[in-house]
Amino acid sequence: SRPVIASQRTSLPLWMVALMVFGVLAVLGVTIGLLVHFLAVENNTYYYEGNFKVTDIPYNSNYEKETSEETTALSKMIETQMIDAFQASSIHNQYVTSQVIKLFPSSDGVTVNIWLMFKSTLGKKADLRRNIESILYNMLKNNYASLTSDPSSLKLTEISKVNAEKTINNRCGRRAKLSSAYDRIKGGSAAQEGEWPWQASLKVKGQHYCGASLISNRWLVTAAHCFKVYKNISDWTVSFGTVVKPPYMKNKIKDFIVHENYTPLAHHDDIAVVLLAEPVRFTNNVHSVCLPEATQNIPPGSDVVVTGWGALMKDGKFPELLQKAPVKIIDTEICNSAESYYGLVLDTMLCAGYMEGHIDACQGDSGGPLVHPNSRKIWFLVGIVSWGDDCGRKNKPGVYTRVTSYRAWIASKTGI
Ligand code: 4AZ
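Cut-offs applied
Residues numbered from 1 in each chain as written. Predicted model: local features only at pLDDT ≥ 70, side-chain atom pairs only at ≥ 80, totals over all residues. Heavy atoms only, no water. Helix = DSSP H or I, 4+ residues; strand = E, 2+ residues; numbered from the N terminus. Buried < 20%, exposed > 50% of the residue type's maximum accessible area, 1.4 Å probe, protein only. Areas by Shrake-Rupley, 256 points an atom, 1.4 Å probe, with all protein chains shown as cover. Lys, Arg positive; Asp, Glu negative; His and termini not counted. Charge placed at Lys NZ, Arg CZ, Asp CG, Glu CD. Contact = heavy atoms within 4.5 Å. Disulfide = S-S within 2.5 Å. Domains from an automatic or database assignment. Buried area = accessible area lost by both parts, 1.4 Å probe. Salt bridge = Lys/Arg side-chain N within 4 Å of Asp/Glu carboxyl O. Polar contact = N/O pair within 3.5 Å; in protein donor to acceptor, adjacent residues only side chain to side chain. Near = heavy atom within 4 Å. Nonpolar A, V, L, I, M, F, W, Y, C, P; charged D, E, K, R; others polar. Pairing = 2+ DSSP bridges. Axes fitted to C-alpha atoms, helices over the stretch in contact; angles between N-to-C directions.

**Concerning the overall build of the chain**
Piece 1. Of the regular secondary structure elements, the chain holds seven helices and 17 strands.
Piece 2. If you line up the chain on its principal axes, its C-alpha atoms span 110 × 60 × 40 Å.
Piece 3. For the chain, the proportion of its 416 residues judged to be buried stands at 49%.
Piece 4. Accessible surface, the chain as shown: approximately 20300 Å² in total, 56% of it carbon and sulfur.
Piece 5. Between the centroid of the 43 positive side chains of the chain and the centroid of its 37 negative side chains there is a distance of 9 Å.

Structure representation (structure tokens):
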């Protein structure tokens, strides 16, 4: 009987053997697949922060100001050089973006603080850092764009995603998330989350009433006419994000200041600032827009964007999601012509939209932002939705409070 037993033991059913072999192969396959995926295929994002010194630049306190012409000009020059250097390099496939965060002027030049984002496979991470450093070093050594710099001053460190995003979110007018999807309101389309992080909804008794723009962690800018009817501070709340209901967050307000010369029967000086009861914590979805200098000129034809939760057409439906509409600055003279507003548009206002109509701000967008990306793609608040003859009508574009005209007024009330 023994041989019988032995033969029983050795002859496992074929299907069971096949199953076991299959099982082992499957586990091996998944393991190898995962390893390859994480070591070679998966693109991880890495962030770096750096500093270097540009010499031979005379001291100018305007370099300390984030929004000054001097800061924009020098930052743009350096950013252009960095982009060119990385795009011409061997790591151009890993390069995502680079920018100047801050300039620190001193007696012997300007220290430049930069921020970089790369994608790389895990195995190549150490090489990547060395490569970035040597590309920047060579860029500085070559005394680019007639700027003299000190390549030995270059310092580069890897930073966490959390810190990288914090750096961006603490600067005005920038977006931490880079989405290719970024790219009613009447004639608009739904906004992406984090696309317009300064957009606020001013609510009366929990209902969306007006738009507003965040200019610091405590202050908002809006239209004076939003406070025409409801003047009781406790009636108001503020929320952010893209969904109007339920609100992404709910902030109480401590105070609002309406322009002294605003009168409810006219459209002039249609500006107010709102103080939040508690400062907001800046995130990818909530942070401030830049204010232009009083002297900044935005020429007719410039591309701007108006955003809000206003009606999709005159007497139309209100959207659930924040809407964006691309419009263009219109020459005030054209906007004041007989077939348009016939002289009603003051120097302290600006027109934006299209003379043929269709794309425009509408009821409920009031107080909200009209923003312009500068040459560095940093967003500036150029207008506040104020008035217009209906929405999207031919020859009746939207009229906005011209923010540059009130730059000093905003500073006098908020210190910003
Ligand atoms: C409003 O009623 C309103 N087309 C806001 C903007 C415009 C028209 C009306 C501009 O709040």
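Past the structure itself, the notes keep going.
**Notes on the side chain of Thr71**
Piece 1. Along the chain, the position of Thr71 falls in helix α3 (residues 69-87).
Piece 2. Thr71 has contacts with Asn62, Tyr63, Lys65, Glu66, Leu103 and Arg376, leaving out every residue within four places of it along the chain.

**Overview of the state of the cysteines**
Piece 1. Counting across every chain of the model gives four disulfides.
Piece 2. Between the sulfur atoms of Cys172 and its disulfide mate Cys290 the distance is 2.0 Å. Sign of the S-S torsion, about 90° for the bond between Cys172 and Cys290, identifies this disulfide as right-handed. Across the pair, exposure class does not vary: Cys172 and Cys290 are buried alike.
Piece 3. The partner cysteine of Cys210 in its disulfide is Cys226, sulfur to sulfur 2.0 Å. Measuring handedness by torsion sign, the sulfur bridge of Cys210 and Cys226 sits at about -90° and is left-handed. Here Cys226 lies in the loop between β8 (219-222) and β9 (236-239) and Cys210 lies in strand β7 (residues 207-214), a separation of 16 residues in the sequence.
Piece 4. A residue is classified by how much of its surface remains accessible, and Cys226, at 0% relative accessible area, is buried.

**Remarks on the domain arrangement of the chain**
Piece 1. Taken domain by domain, the chain consists of domain 1 (43-169) and domain 2 (173-416).
Piece 2. Between domain 1 and domain 2, the C-alpha centre-to-centre distance is 33 Å.
Piece 3. Opposite the 19 residues of domain 1 that make contact, domain 2 presents 16 residues.
Piece 4. Here domain 1 and domain 2 share an interface that buries about 1400 Å² over both sides, 45% of which is from carbon and sulfur atoms.
Piece 5. Contact with domain 2 buries area across many residues of domain 1, yet Thr67, Ile168 and Asn169 alone supply 41% of it, more than any other trio.
Piece 6. Remark: the boundary between domain 1 and domain 2 carries two salt bridges.
Piece 7. Salt-bridge contacts for Lys65 lead to Glu293; the nearest nitrogen and oxygen are separated by 2.8 Å.
Piece 8. If you look at where domain 1 meets domain 2, you find ten residue pairs in polar contact (both at pLDDT 80 or more).
Piece 9. Elements supplying a minimum of two residues to the side of domain 1 that touches domain 2: α3, β2 (95-106) and α5 (161-169).
Piece 10. With six residues, α3 is the largest single contributor of residues to the side of domain 1 that touches domain 2.

**A few points about the site of the ligand**
Piece 1. Taken together, Asp360, Ala361, Cys362, Gln363, Gly364, Ser366, Val385, Trp387, Gly388, Asp390, Cys391 and Gly398 form the complete shell of residues around the ligand.
Piece 2. Within the contact set of the ligand, a nitrogen atom lies 3.0 Å away from a backbone nitrogen or oxygen of Asp390.
Piece 3. Look at the ligand: alone it shows 310 Å² of surface, and the protein chains cover 82% of it.
Piece 4. Classifying every residue of the shell around the ligand gives five nonpolar, five polar and two charged.

**Side note on the pattern of salt bridges**
Piece 1. Scanning the entire structure with this criterion turns up 15 salt bridges.
Piece 2. The partner of Asp390 in a salt bridge is Lys314, and the shortest N-O contact between them spans 3.6 Å. Placement of the pair is Asp390 in the loop between β16 (379-387) and β17 (398-402) and Lys314 in the loop between β12 (303-308) and β13 (323-330), with a sequence separation of 76 residues.
Piece 3. On the basis of relative accessible area, Asp390 is assigned to the partly exposed category, the value being 30%.
Piece 4. For Lys314, a relative accessible area of 42% translates into the label partly exposed.
Piece 5. Residues Arg393 and Asp390 are paired through a salt bridge, measuring 3.7 Å at the closest nitrogen-oxygen approach.
Piece 6. Bridged by salt links that share partners, the residues Lys314, Asp315, Asp389, Asp390 and Arg393 form one connected network.

**Side note on the environment of Gly383**
Piece 1. Examined against the element boundaries, Gly383 turns out to sit in strand β16.
Piece 2. On the basis of relative accessibility, which here comes to 0%, the residue Gly383 falls in the buried class.
Piece 3. Through-space distance from the C-alpha of Gly383 to that of Gly316 is 24 Å; in sequence the pair is 67 residues apart.
Piece 4. For Gly383, the residues in contact, after removing those within four places along its chain, are Gly368, Pro369, Leu370, Tyr400, Thr401 and Val403.

**Structural notes on the environment of Pro246**
Piece 1. Looking at the secondary structure, you find Pro246 in the loop between β9 and β10 (251-258).
Piece 2. Along the backbone, Pro246 and His267 are 21 residues apart, and their C-alpha atoms lie at a distance of 32 Å.

**Notes on the sheet that holds strand β4 (residues 148-159)**
Piece 1. Read across the sheet, four strands follow the order β2-β3-β1-β4 without closing on themselves; strand pairing throughout is antiparallel. Of all the strands in the sheet, the pair left with one neighbour each is β2 and β4. Neighbour to neighbour, the strand axes of the sheet diverge by 20° on average, direction disregarded.
Piece 2. Across ten bridges, the pairing between β2 and strand β3 (residues 109-120) is antiparallel. In the sheet register, Val100 faces β3, and the bridge partner there is Ile114.

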